[in-house]
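Chains, contacts and geometry: an overview
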Amino acid sequence: MRKGTTFTRFIIEEQRRIPESTGEFTLLLSAIVTACKEISDDVNRGQLINVLGSAESENVQGETQKKLDIISNEVMIKALEWSGHLAGMASEEMEDVYPIPNRYPKGKYLLVFDPLDGSSNTEVNVSIGTIFSILRCPDGITEPTEDDFLQPGTRQVCAGYVLYGPATNLVLTSGQGVNGFTLDQDIGEFILTHPKLTIPEKTSEFAINMSNQRHWEPAIKRYIDEVVAGKDGPRGRNFNTRWVASMVAEVHRILMRGGIFLYPRDGRENVHEGRLRLLYEANPMSFIIEQAGGAATTGRERLLSVQPGKLHQRIPVILGAREEVERVTRYHLEMDKEREGDIPPHRQAS
Ligand code: F6P
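One structure accompanies this document, and this report is about it. No experiment lies behind these values; they were computed from the predicted model shown.

**A word on the side chain of threonine 203**
Topologically, threonine 203 is positioned in the loop between strand E10 (189-194) and strand E11 (205-207). A polar atom in the side chain of threonine 203 sits 3.1 Å from the backbone nitrogen of glycine 259. Threonine 203 has contacts with Arg237, Phe239, Gly258, Gly259, Ile260, Ala321 and Glu324, leaving out every residue within four places of it along the chain.

Encoded structure:
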């Protein structure tokens, strides 16, 4: 007999704590996780089953799609549309919302997902993942439209990701902390390996794509200049950097050992509003990070409070260790004040 709580047991026990629960949410989660196991298998065998490489098509954001992006999207739809728990889905890989076809029963939830985040890493065998967020479908709606999905991150019922790395990890929150599971390939079940994850408040590790430095706003330049100055600079200690170019992997690292992740907006034409997507990247990750004791901001406001304006909206993302995130926010607010001419330009960190 193997030791450890299986994911199935975990969600059923969680359900029992909520007397009015119908079990619908539990079954929805179970179906999502089954889809992710299938994606995990495709990712794992990618080279062998000829599903790596470009699909030679573009998604709605004009990004080249990988074959695995399209396959993962299909897997999610096929695994979930029949379930009866959803009224609609939206994904990074689909321009419009996907209402549940009328041949299936409709449910009370909406699912938003990035089927394969960080997919530029598929050919180089570096960690990638699926990110998802569950919202409640507004009352009385059975044919949801884009407007029904435009809910701030504070309204998420649940958020999670599955990381396809050396091991396959599932990390999940439904607003009562964050729990992490590892896929036991032998029995095909996720096992609770990281109960009640928390992020250390302090960190000396940061993740940002340094090649964009020349495009950053002064607040980000200031923060990064200070951390790279190390123990001789205003922070008085050395920092380390990591950049995987896969947000799922960066967030997972932060949950495991702390850190801060920054994908700020910058001066490039397509990054004016940020690079990452609000509904299916920033919001679920921010929910997880906050639930683990960290913080997430656009630089100017709490990320989870942002009212989305459109399905594929982009947003600046700064998340991780609370103290660092608060510092970056302060630098933005000071920069904005300086721009208004309220206070003299600062040169030093406080
Ligand atoms: O949006 C997808 C994504 O791959 C994220 O997972 C990652 O953090 C980011 O893009 C990497 O962007 P860049 O290639 O600009 O470093």
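**Focus on the side chain of glutamate 24**
With respect to the secondary-structure elements, glutamate 24 resides in helix H2 (residues 24-44). An unpaired buried charge is present at glutamate 24: no salt bridge exists, and lysine 108, the closest side chain of opposite charge, is 4.2 Å distant. Setting aside chain neighbours within four positions, we find glutamate 24 in contact with Gly84, His85, Gly107, Lys108 and Tyr109.

**What about the nonpolar core?**
Ranked by size, the top nonpolar core spans 41 residues in total, and within it Leu80, Leu111 and Ile134 carry the most contacts. Apart from residues no more than four positions distant in its own chain, isoleucine 134 is found in contact with Phe25, Leu28, Leu29, Ile32, Tyr109, Leu110, Leu111, Gln156, Val157 and Cys158. Counting residues in each nonpolar core, the second largest holds 33 residues, with Tyr161, Leu255, Val271 and Val306 among its members.

**Comments concerning unusual backbone geometry**
Unusually for a residue other than glycine, glutamate 56 sits at a positive phi of about 55°. Turning to its location among the elements, glutamate 56 is positioned in strand E1 (residues 54-58). Not every positive phi belongs to a glycine, and lysine 196 is a case in point at roughly 50°. Lysine 196 sits in the exposed class, given a relative accessible area of 69%.

Here is what the cut-offs are and how they apply
Residues numbered from 1 in each chain as written. Predicted model: local features only at pLDDT ≥ 70, side-chain atom pairs only at ≥ 80, totals over all residues. Heavy atoms only, no water. Helix = DSSP H or I, 4+ residues; strand = E, 2+ residues; numbered from the N terminus. Polar contact = N/O pair within 3.5 Å; in protein donor to acceptor, adjacent residues only side chain to side chain. Contact = heavy atoms within 4.5 Å. Buried < 20%, exposed > 50% of the residue type's maximum accessible area, 1.4 Å probe, protein only. Lys, Arg positive; Asp, Glu negative; His and termini not counted. Salt bridge = Lys/Arg side-chain N within 4 Å of Asp/Glu carboxyl O. Core = buried A, V, L, I, M, F, W, Y, C linked by side-chain atoms within 4.5 Å.

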